[in-house]
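Here is how the chains run, residue by residue.
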Amino acid sequence: GAGVSQSPSNKVTEKGKDVELRCDPISGHTALYWYRQRLGQGLEFLIYFQGNSAPDKSGLPSDRFSAERTGESVSTLTIQRTQQEDSAVYLCASSQALTSASTGELFFGEGSRLTVL
Amino acid sequence: AQSVTQLDSQVPVFEEAPVELRCNYSSSVSVYLFWYVQYPNQGLQLLLKYLSGSTLVKGINGFEAEFNKSQTSFHLRKPSVHISDTAEYFCAVSDHNQGGKLIFGQGTELSVKP
């Protein structure tokens, strides 16, 4: 597609259940980010994939959170044993590598709104 | 590690008035700086960016920002705002040594009133 696609757009789950969020980046974009945006707050960095380099997982809040990316395509963010504080919009973004030929602008998806009851 | 501070969480302003949204960053190395905007019920989009060269950068919708290295600031300005500028504005930084990892500030909610 033309933009970053995320699914599901909305997810309501019960505390303790596992959830999986999916992101399809723009074709050709080597970098992929996951951010979390809690209601009324800023963007909290979670994880960053850049090409074949090891992902930067420094933002993952606990070991219940994990993410994978297949090559330079789809990424999945998995939250195990969800808690109410995990309720947020999870945003995915992709970009070309930041080089002299690319500005590294991030293109964001519409987000996946997670509600944990 | 880099960090970003947006000093104002909310900025109310009247239509056609000037506005400045403040952003300060902390980094031990050279940085790239960005402003993103999130209109109500929409995704984030790039407003403007500083990578190198002229410290005054111009973006979409009449916004501009000035990179001040000595003050580690990248304030966003517009001389005359419109109702349609009502949105959440995010400042972001990435440093040259972290391969483009982008860290965002907490956001500033700009509310333009008639």
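Reading guide: rules and limits
Residues numbered from 1 in each chain as written. Chains lettered and ligands numbered in written order. Predicted model: local features only at pLDDT ≥ 70, side-chain atom pairs only at ≥ 80, totals over all residues. Heavy atoms only, no water. Contact = heavy atoms within 4.5 Å. Buried area = accessible area lost by both parts, 1.4 Å probe. Salt bridge = Lys/Arg side-chain N within 4 Å of Asp/Glu carboxyl O. Helix = DSSP H or I, 4+ residues; strand = E, 2+ residues; numbered from the N terminus. Nonpolar A, V, L, I, M, F, W, Y, C, P; charged D, E, K, R; others polar. Buried < 20%, exposed > 50% of the residue type's maximum accessible area, 1.4 Å probe, protein only.

Student: What is the right way to look at the interface of chain A and chain B in this model?
Tutor: Interface extent is often summarised as the accessible area lost during association of the parts. Facing 18 residues of chain A, the contacting portion of chain B comprises 20 residues. Buried surface at the junction of chain A and chain B, both sides included, amounts to about 1500 Å², of which 59% is carbon and sulfur. Linking chain A with chain B are zero salt bridges, by the criterion used here. At the level of secondary structure, the elements contributing two or more residues to the side of chain A that touches chain B comprise β4 (31-37) and β5 (43-50) of chain A. The dominant element in the side of chain A that touches chain B, judged by the number of residues it contributes, is β5(A), at four residues. Class assignment of the residues belonging to the side of chain A that touches chain B gives a composition of nine nonpolar, six polar and three charged.

Student: Help me understand unusual backbone geometry, please; the structure alone is not making it clear to me.
Tutor: Excluding glycine, most residues fall at negative phi; most peptide bonds, likewise, are trans. Each neighbour pair has its own omega, and for A:Ser7 with A:Pro8 the value is -10°, a cis peptide bond. The phi dihedral of A:Arg81 is positive, around 45°, even though this residue is not glycine. Structurally, the position occupied by A:Arg81 is in the loop between β7 (75-79) and β8 (88-95). Judged by relative accessible area, which is 42%, A:Arg81 ranks as partly exposed. One non-glycine residue, B:Asn61, lies in positive phi territory at about 60°. With respect to the helices, strands and loops of the structure, B:Asn61 is situated in the loop between β7 (56-58) and β8 (64-68).

On their own, these measurements won't tell you what the molecule is for.
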